[in-house]
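Breakdown of the fold
The primary structure of each chain is shown beneath.
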Amino acid sequence: MSYWFEHLAINGKRYILKRTIKESTLPSNVSSDDMKAYFMVNTILKKDGIYYLCDSIDDVEIVAE
């Protein structure tokens, strides 16, 4: 499923980037919980006025090396 999504590594954690949104395009009354529910993600990161809507990769297992 995540073959088409970009993977991010931040502070030793890995994320699957689902979407980016400019802060200036959002209404002021939208909460992060509303965005998580609407876009079906579990993590929102923010840098330089851009929200990164991601799913965290919590448990991974090495199948083959």
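For the structure, see preceding data.
As the structure is a prediction and not an experimental result, all values here were calculated from the model.

Cut-offs applied
Residues numbered from 1 in each chain as written. Predicted model: local features only at pLDDT ≥ 70, side-chain atom pairs only at ≥ 80, totals over all residues. Heavy atoms only, no water. Helix = DSSP H or I, 4+ residues; strand = E, 2+ residues; numbered from the N terminus. Buried < 20%, exposed > 50% of the residue type's maximum accessible area, 1.4 Å probe, protein only. Contact = heavy atoms within 4.5 Å. Areas by Shrake-Rupley, 256 points an atom, 1.4 Å probe, with all protein chains shown as cover. Lys, Arg positive; Asp, Glu negative; His and termini not counted. Charge placed at Lys NZ, Arg CZ, Asp CG, Glu CD.

Quick look at the overall build of the chain now. The helix and strand inventory of the chain stands at one helix and four strands. Along the chain direction, N to C, the helices and strands of the chain fall in the order β-β-α-β-β. Along the first, second and third principal axes, the C-alpha set of the chain runs to 45 × 25 × 20 Å. Relative to its full complement of 65 residues, the chain shows a buried share of 20%. Considering only contacts within the chain whose residues lie at least 6 apart along the sequence, 46% involve residues at least 24 apart. Summed over all atoms, the accessible surface of the chain reaches about 5,500 Å², with 50% contributed by carbon and sulfur. Charge centroids of the chain, computed over 8 positive and 10 negative side chains, lie 7 Å from each other.

Mapped onto the fold, Phe39 is located in helix H1 (residues 32–39). Between the alpha carbons of Phe39 and Lys18 there is a distance of 8.6 Å; along the sequence they are 21 residues apart. Look past the residues within four positions of Phe39 in its chain and what remains in contact with it is Arg19, Ile21 and Leu53.

Keep in mind these numbers describe shape, not what the thing actually does.
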